[in-house]
Amino acid sequence: MNNLEVLGQYQTQNGHILPRSPLDEALAGMEGAATKFSLDAINDAQTRASYATNIKRMSAQVRADVAAGRISSQEGVQFCHEMRNKIMAEHRKITSITGLAKAQQHKKTPPTLPHLFEKYATNKYGKSYEVLSVDQKQQIHYEIIESSGRDNAKFTKGSDQLRIMGKVGILVTAAFATYEILNADNKIKETARQGMIIGGGAAGGFLAGLGVSLICGPGAPFCAIAVVLAGSAAGGIAGSLAADTLDDELEEFSKWEVF
């Protein structure tokens, strides 16, 4: 067997300094994603509560008007159907991207009034709405008016749980940020840095949400959640990178004693 001799200089036992710690990037991404998720969860819970309150109030008013003879049951059911759809549409405008995707998965478009007439008539009398007597039709109207004020208990309970999780998420994020600030040599500088990370996460999630409809389409909550959380994490890391880039500026800022 031939021996192969290789000549040259070799560097061993050298240390390599990474520009950023992978742990720092992971923490920054987590803070950004947690902040966006928490804010959306709290907002959606409040939005759902407002929706439930308004449809209940609307239904109660219409029932009172029908009972007093101010409007007919036919007019009442038409008003309730239109108003509930309008209330739903307005509240969906202020729902988060992920919350909207979940709502669209459950109900992309509301059922038409003729569809509701047939559904309730079949369930109650086993016949088509058109062949019912006047009294039977009025009974169907009353039931639809009453049901228009009932919220989906499953979604309401889920919103309450998300609200709690959102508040816990804010506390966890604050705890991480507080820990970093308390253990920093320059606390004012670290406070500004944590603010950039959290703000970057919220902004990144918002920008990612703008592209959800193109990437995921309507009614795809898992895809929407993944896109928004990825954008939030990227935003948190971007905020951390920006803070590192502005290290000298933040150092100078900490000396101005503006707090």
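Residues numbered from 1 in each chain as written. Predicted model: local features only at pLDDT ≥ 70, side-chain atom pairs only at ≥ 80, totals over all residues. Heavy atoms only, no water.

## Focus: the nonpolar core
If you look at the biggest cluster of nonpolar residues, it comprises 19 residues, and the most contacted ones within it are Val62, Val77, Phe117, Tyr129, Ile140, Ile144 and Ile145. When contributions to this core are tallied by element, the ones reaching two or more residues are α1 (22-67), α2 (73-93), α4 (113-125) and α5 (134-147). When residues no more than four places from it in sequence are discounted, the contact partners of Ile140 are Phe117, Tyr120, Ala121, Lys124, Tyr125, Tyr129 and Leu132. By size, the runner-up hydrophobic cluster in this structure holds eight residues, among which are Ala101, Ala224, Val227 and Val228. (Core = buried A, V, L, I, M, F, W, Y, C linked by side-chain atoms within 4.5 Å. Buried < 20%, exposed > 50% of the residue type's maximum accessible area, 1.4 Å probe, protein only. Helix = DSSP H or I, 4+ residues; strand = E, 2+ residues; numbered from the N terminus. Contact = heavy atoms within 4.5 Å.)

## Concerning a nonpolar patch on the surface
There is a patch of nonpolar side chains on the surface, built from Phe37, Met165, Ile225 and Leu229 and spanning about 320 Å² of accessible area. Relative to the helices and strands, Met165 resides in helix α6 (residues 153-182). (Patch = residues over 30% accessible without salt bridge, like charges linked within 9 Å, V, L, I, M, F, W, Y side chains within 5 Å. Areas by Shrake-Rupley, 256 points an atom, 1.4 Å probe, with all protein chains shown as cover. Salt bridge = Lys/Arg side-chain N within 4 Å of Asp/Glu carboxyl O.)

## Remarks on the confidence of the model for the chain
For the chain, per-residue confidence averages 77 on the pLDDT scale, and residues scoring 70 or more make up 77% of the total. When pLDDT is averaged over each element of the chain, α4 comes out on top at 92 and helix α10 (residues 247-253) at the bottom at 65. The low-confidence segment residues 15-19, where pLDDT is below 50, has zero contacts with residues more than four positions distant or belonging to other chains. (pLDDT = per-residue confidence, 0-100.)

## Some thoughts on the pattern of salt bridges
What the rule picks out here adds up to three salt bridges. Of the charged contacts in the structure, one is a salt bridge between Asp65 and Arg70, with a shortest N-O distance of 2.8 Å. In this structure, Glu90 and Lys93 form a salt bridge, with 3.1 Å as the shortest nitrogen-oxygen distance. A residue pair is termed a helical-turn pair when its members lie 3 or 4 positions apart in one helix, as Glu90 and Lys93 do in helix α2 at three residues. Taking relative accessible area as the criterion, Glu90 reaches 46% and is therefore assigned partly exposed. Assessed through its relative accessible area of 60%, Lys93 is described here as exposed.

## Here we look at the state of the cysteines
Scanning the entire structure with this criterion turns up one disulfide. Here Cys216 pairs with Cys223 through a disulfide, and the sulfurs are 2.0 Å apart. Handedness here is read from the sign of the S-S torsion; for Cys216 and Cys223, about -70 degrees, the answer is left-handed. (Disulfide = S-S within 2.5 Å.)

## Considerations on the side chain of Arg92
Tracing the sequence through the fold places Arg92 in helix α2. Residue Arg92 is classed as buried on the basis of its relative accessible area, which comes to 17%. In this structure Arg92 touches Leu100, Ala103, Gln104, Lys107 and Lys108, once residues within four positions along its chain are discounted.

## Quick look at the packing of α2 against α5
How two helices sit against one another is set out by the angle between their axes and by the gap between those axes. Two elements in contact, α2 and α5, have axes whose closest approach is 9 Å; the angle formed by their N-to-C orientations is 30 degrees. For the element pair α2 / α5, the angle class is roughly parallel. Crossing of α2 against α5: the hand is left-handed. Where α2 abuts α5, its residues Ser73, Gln74, Gly76, Val77, Cys80 and Arg84 lie against Gln138, His141, Tyr142, Ile144, Ile145 and Ser147. A breakdown of the residues in the contact of α2 with α5 according to their chemical character gives five nonpolar, six polar and one charged. (Axes fitted to C-alpha atoms, helices over the stretch in contact; angles between N-to-C directions. Parallel < 35°, antiparallel > 145°, perpendicular 65-115°, else oblique. Left-handed = near helix turned anticlockwise from the far one by under 90°. Nonpolar A, V, L, I, M, F, W, Y, C, P; charged D, E, K, R; others polar.)

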